[in-house]
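Architecture and fold: a report
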Amino acid sequence: MKTLRTAEIGSRVKVVRLHGEGAVKRRMMDMGITKGAEITVRKVAPLGDPVEITVRGYELSVRKADAEMVEVE
Amino acid sequence: MNIRIALAGNPNSGKTTLFNALTGSNQFVGNWPGVTVEKKEGKLRRREGVTVTDLPGIYSLSPYTPEEVVARNYLTGERPDVILNIVDGTNLERNLYLTTQLTELGIPVVVAVNMIDVVRKSGDRIDIPELSRRLGCRVVEISAMKGIGLDEAVEEVLRAAESDKTQPVHRFSEPVEQALSAIEARAATGFPEAQRRWYALKLFERDEKILGKLQPDAAVAEAVEKEIQAVEQKLDDDSASIVINERYGYISDMIRHCYRKKNAGGLSISDKIDRVVTNRWAGLPIFAAVMFLVYYLSMVTVGTFATDWANDGLFGDGWHLLGIGSSAYEEAAEQYGDSDAIIQAYLSAYGNEELAAALDAESESYNAEAVGAALGELLNLVPADASVIYEVTDEETLAVTEYASGKTDLEAAVEAYLNTEYKAAPGAPTPEEYGVWVPGIPVLAANGLEAAGTPEWLDGLLLDGIIAGVGAVLGFVPQMLVLFLLLAFLESCGYLSRIAFVLDRVFRRFGLSGKSFIPMLVGSGCGVPGIMASRTIESERDRRMTIITTTFIPCGAKIPFISMIAGALFGNSPLVATSAYFIGLAAIIISGIMLKKTRMFAGDPAPFVMELPAYRLPTVGNVLRSMWERGWSFIKKAGTIILLSTIVIWFTSYFGVVDGSFRMLAEDELEYSILAAIGSGIAWIFAPLGWGTWQAAVASVTGLVAKENIVGTMGILYGAGGNVYASLAAAFTGISGFSFLVFNLLCAPCFAAIGAIRREMNSAKWTWFAIGYQCGFAYAVALMIYQFGLLFTGEVNVIGLVAALAVLAGILWLLFRPAGRRGLKKAVRTAS
């Protein structure tokens, strides 16, 4: 399963599904990471976590642990 | 006509700018009840009877963050007459997500597309009529910063409040709509028609807060659940996700029809800045440089200058108007140096009573001629090869340093005493002669009271109680304003979010946010602005954690007593101060890890999904306003606590029973005071820490007024024998002294900081928890230091050692036990 965590920097991916439930999932989806959304992985923070992504035209910081819940293709 | 407007929108959408533009200076800033979220209300400019309530910046009306809950409760409970929804025109897609939720509430909505100037400049076009049709509400274009379209927006809002009935236009997929209709009919008929759909939707999403509020009976709940499950099975997802997906689907479609982008791709200026600022290699050095600048400006140069003026000038002896003459005076004072001390030392070694009387500046017959003659005689009496040791006491730490001097030193001192430039009488130079000297408030008040002939107790109450208390409140303000100015700039230009991005990895281990760095950095200068700086942290939990732990860092006011202990008991070893900083840091880390696992801080983990807003140059007005708002709210909310506590401590330390009669005491009669009685009463508590004396207990209590007071109190209580440091060395061992130091370092901060905690926590319960935790933690650490320290000296106290071991075991367990976070476990289980 390919996730947002394993997606390469600079790559453009499409969200297939969100795993997890409750507040965590809800928050990610509220911010626009929904099924079919296109995400560009921008860069990793200087200390290796979190990652910066572009989704729906704006920049978002996501922790790697949370990025793991986003299945992409 | 009374109209209530609710201003809603995403964070970083320009909501604050719009609010300020709409209301001008008619604002009331407070907190929403029970949470640390700020509440602002204002009267609309040039309109009678129109109130604007600024809701917290939110992305959604989900029930998870305190901001969202507050906004939702206000909208559904108070039901404002109209919602003004500000959306960022440069980021329409995500901003409209909230809009689609707002239009479902059954309250008229007006959408203001902000930053329209930026949109137009980039050549993009927004089809406003089409947007309006698809949202089902009025839409206007504005630029809050440039002041474009604001009057039209107000007109539309007022018109909407009168006549509109906003109905959501967007429809969900067929299965969802069917379920919604069924749920509406079953469970939401008790509401006015306009609100039924919203409640049905919340029931469909299984919103716990709404379920708890409605309490549908079992049969209804079961029927609703059945509807939900049918849809979930059909669409293969959970109901809340289905709703979000379809919402965003509708919005994407809307954007395609309403938003024409001129050129896709290409890096904006903001992107270019971000490339450098959060760069893998340059990110940390840039961060360090920015932090250095913040610290340097607020804590070292401008801020400290301002606070010194407030404390030593305005609420101290006085100051030179415009600072003219200060440096000349300081130079003269430095040149004059220890002349007084040298003359006194020779006077007591070689002089006589007659000379001493002539040199007594306090006496009524003091005059320049007699002084000159007396000093000449003193010089004659001192043999050429005389060598006298004189003492100089440091005002801050009471450290006494001894210097050897010969007759030439005395000659120089006499010369300085008689001939320093700019002085009215012989002796040390006086600041009045060097510029326009403005006396401080306490001096003026003291003179006024003396002239009025008020009773002694009233003088004391006014000077040592009230004026000192007000001074304690206001003394922090200038420095705080400098810091808030910098913070407001960093916040509104977008860099603060990048700090959180850069530091998140380190801080989240301790249950803190990357944004906690600034409060802690600032806290090393002064804890009060440090605590106030926690306002910028987005998650309430991180905010609370930061507030509790910030004051563990030794602040500027703790340095004097740390130096005092180091000087009296550890031969001025620099290791003592260094260890204080390490202990402070360790306390933050350990507390973070321990508290993170407690039930108070557990619960649903808020994921760290944070917007990194585009860089923008903030407006001067907004930055200044934000600075002033924070400063003023400190004065108002923290002021009362600080003032009251100062008065209470003043009363208990200046009144007491002497020889069976209750009366007011002189400063050096502290041992008879009520405070001393309280100290004796509670001293036993500190016996296990190695310093169960009433003096030490009293010193700790007065430290609550201001930590530097510990030194003054110790000076009075241990200074009877002359040398404070020697008495301290006799009263404390190295171990008990260090235990005393650590306790006072970590325990409850001064009243000003407690006031700030109260202001930021916005809850008595959380304030008491913070103070209780700090004191408890300080006690535990000091206990371990003393009892384990005794092990090395071989004077083991078995009961104490057992207690210390138990405390150690308890802390270790709290540190290493598995996290009891329900939500996390769930997330892990479903992810694997």
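Residues numbered from 1 in each chain as written. Chains lettered and ligands numbered in written order. Predicted model: local features only at pLDDT ≥ 70, side-chain atom pairs only at ≥ 80, totals over all residues. Heavy atoms only, no water.

Turning our eyes to something else, we now look at the sheet that holds strand 5 (residues 82–88) of chain B. All names here are of chain B. Strand order across the open sheet formed by 7 strands is 2-3-4-1-5-6-8, with mixed pairing between neighbours. Each of the sheet's edge strands pairs with one partner strand only, and the pair in question is strand 2 (27–31) and strand 8 (138–141). With strand direction ignored, the average angle separating the axes of adjacent strands in the sheet is 25°. Two strands pair when backbone bridges link them, and strand 3 (residues 38–43) and strand 4 (residues 50–54) are joined in this way by 4 bridges, in the antiparallel orientation. Residue pairing across strands places glycine 42 opposite valine 52, the latter belonging to strand 4. Seen against the sheet, helix 5 (residues 128–135) touches strand 6 (109–114) and strand 8 and runs at an angle of roughly 150° to strand 8. (Pairing = 2+ DSSP bridges. Helix = DSSP H or I, 4+ residues; strand = E, 2+ residues; numbered from the N terminus. Axes fitted to C-alpha atoms, helices over the stretch in contact; angles between N-to-C directions. Contact = heavy atoms within 4.5 Å.)

Another point: the domain arrangement of chain B. Interface size is commonly expressed as the accessible surface area that is lost when the partners come together. Residue and element names in this part refer to chain B. Split by domain assignment, chain B resolves into domain 1 (3–163), domain 2 (174–260), domain 3 (326–438) and domain 4 (643–816). When each unit is reduced to the centre of its C-alpha atoms, the spacing between domain 3 and domain 4 is 38 Å. Contacts between the two partners involve 5 residues from domain 3, matched on the other side by 5 residues from domain 4. Summed over both partners, the interface of domain 3 with domain 4 buries about 410 Å², with 67% contributed by carbon and sulfur atoms. A per-residue breakdown of the area domain 3 buries against domain 4 is headed by Thr397, Leu398 and Val400, which together make up 76% of the total. Between domain 3 and domain 4 we count 0 salt bridges in total. Our count for the domain 3 to domain 4 interface comes out at 1 residue pair in polar contact (both at pLDDT 80 or more). When grouped by side-chain class, the residues that make up the side of domain 3 that touches domain 4 number 3 nonpolar, 1 polar and 1 charged. (Domains from an automatic or database assignment. Buried area = accessible area lost by both parts, 1.4 Å probe. Salt bridge = Lys/Arg side-chain N within 4 Å of Asp/Glu carboxyl O. Polar contact = N/O pair within 3.5 Å; in protein donor to acceptor, adjacent residues only side chain to side chain. Nonpolar A, V, L, I, M, F, W, Y, C, P; charged D, E, K, R; others polar.)

Here we take up unusual backbone geometry. A:Pro50 follows A:Asp49 through a cis peptide bond whose omega is -5°. Among the structural elements, A:Pro50 can be located in the loop between strand 2 (38–44) and strand 3 (51–55). Positive phi, close to 50°, is recorded for A:Arg56, a residue that is not glycine. A relative accessible area of 14% places A:Arg56 in the buried class. Residue B:Asn572 is not a glycine yet carries a positive backbone phi of 60°. Residue position: B:Asn572 is located in the loop between helix 27 (559–569) and helix 28 (574–596). The exposure class assigned to B:Asn572 is exposed, which follows from its relative accessible area of 58%. (Buried < 20%, exposed > 50% of the residue type's maximum accessible area, 1.4 Å probe, protein only.)

Further remarks concern the nonpolar core. Residue and element names in this part refer to chain B. Judged by nonpolar contacts, the single largest core of 121 residues is most densely connected at Ile518, Val528, Phe634, Met714, Phe732, Phe740 and Leu746. Per-element tally for this core: the top contributor is helix 36 (residues 764–793), with 12 residues. Beyond its immediate stretch of four places on either side in the chain, phenylalanine 634 contacts Val473, Phe476, Val477, Met480, Val528, Met532, Gly639, Ile642, Ala752 and Ala756. Membership of the second largest hydrophobic core comes to 69 residues, among which are Val87, Trp198, Ile255 and Tyr259. (Core = buried A, V, L, I, M, F, W, Y, C linked by side-chain atoms within 4.5 Å.)

We now examine the packing of aromatic side chains. Residue and element names in this part refer to chain B. Tallying each qualifying case throughout the model produces 23 aromatic pairs over all chains. Between phenylalanine 552 and phenylalanine 777 the ring centres are 5.6 Å apart and the planes differ by 35°, which places this aromatic pair in the tilted class. Remark: phenylalanine 777 occurs in helix 36 and phenylalanine 552 occurs in the loop between helix 26 (540–550) and helix 27; sequence separation between them is 225 residues. Relative to phenylalanine 769, the ring of tryptophan 766 lies with its centre 5.7 Å away and its plane at 75°, an arrangement referred to as edge-to-face. (Phe/Tyr/Trp six-rings, centres within 6.5 Å; stacked < 30°, edge-to-face > 60°.)

All names here are of chain B. Considering every residue of chain B, the mean pLDDT works out to 85; 96% of them sit at 70 or more. Confidence drops under a pLDDT of 50 for residues 821–832, and excluding neighbours within four residues, the segment shows 14 contacts in the predicted structure. Across the whole predicted complex the pTM is 0.81, and at the interface the ipTM reaches 0.96. (pLDDT = per-residue confidence, 0-100.)

Quick look at the side chain of B:Ser143 now. Residue and element names in this part refer to chain B. Tracing the chain through its elements places serine 143 in the loop between strand 8 and helix 6 (150–163). Judged by relative accessible area, which is 1%, serine 143 ranks as buried. Look past the residues within four positions of serine 143 in its chain and what remains in contact with it is Asn114, Met115, Ile116, Asp117 and Ile148.

Another aspect to go through is the interface of chain A and chain B. Each partner contributes residues to the interface: chain A has 36 residues there, and chain B has 45 residues. Linking chain A with chain B are 11 salt bridges, by the criterion used here. At the boundary of chain A and chain B, one finds 17 residue pairs in polar contact (both at pLDDT 80 or more). Of the residues contributing to the side of chain A that touches chain B, the split by class is 14 nonpolar, 7 polar and 15 charged. Inspection of the sheet shows strand 4 (residues 58–62) of chain A paired to strand 14 (residues 609–611) of chain B by 3 bridges, in the antiparallel sense. Note that in strand 14 of chain B the partner of A:Leu60 across the bridge is B:Glu611.

A word on the pattern of salt bridges. Taken as a whole and judged by the stated rule, the model has 45 salt bridges over all chains. A salt bridge links B:Asp504 to A:Arg63; the nearest nitrogen and oxygen atoms lie 2.7 Å apart. Of this pair, B:Asp504 sits in helix 23 (residues 495–507) while A:Arg63 sits in the loop between strand 4 and helix 2 (64–67), placing the two residues on different chains. Residue A:Arg63 is classed as buried on the basis of its relative accessible area, which comes to 16%. Its salt-bridge partner being B:Asp253, residue B:Arg134 comes within 3.4 Å of it at the nearest N-O pair. Residue B:Arg134 is found in helix 5, and its partner B:Asp253 is found in helix 11 (residues 239–258); the two are separated by 119 residues along the sequence.

All names here are of chain B. Of note, lysine 209 is situated in helix 9 (residues 208–214). As a C-alpha pair, lysine 209 and valine 69 span 140 residues in sequence and 9.0 Å in three-dimensional space. Those residues in contact with lysine 209 that sit more than four places away from it in its chain are Pro63, Val69 and Arg72.

Residue and element names in this part refer to chain B. Position of leucine 444 relative to the elements: it lies in helix 20 (residues 441–452). We classify leucine 444 as partly exposed; its relative accessible area is 47%. The spacing of leucine 444 and aspartate 317 is 127 residues in sequence and 9.2 Å in space, taken between C-alpha atoms.

Another point: a negative patch on the surface. Residue and element names in this part refer to chain B. Among the surface-exposed residues, Asp394, Glu395, Glu396 and Glu708 lie close enough to one another that they form a single negatively charged patch. Inspection of the secondary structure assignment puts glutamate 395 in the loop between strand 11 (387–393) and strand 12 (400–406). Residue glutamate 395 is classed as exposed on the basis of its relative accessible area of 78%. (Patch = residues over 30% accessible without salt bridge, like charges linked within 9 Å, V, L, I, M, F, W, Y side chains within 5 Å. Areas by Shrake-Rupley, 256 points an atom, 1.4 Å probe, with all protein chains shown as cover. Lys, Arg positive; Asp, Glu negative; His and termini not counted. Charge placed at Lys NZ, Arg CZ, Asp CG, Glu CD.)

Residue and element names in this part refer to chain B. On the surface, a cluster of nonpolar side chains totalling about 670 Å² of accessible area is made up of Leu791, Phe792, Val796, Val798, Ile799 and Val802. Mapped onto the nonpolar patch, the elements with two or more residues apiece are helix 36 and helix 37 (798–816). Here the element with the most residues in the nonpolar patch is helix 37; it accounts for 3 residues. Considering the arrangement of structural elements, one finds isoleucine 799 in helix 37. Given the relative accessible area of 70%, isoleucine 799 is considered exposed.

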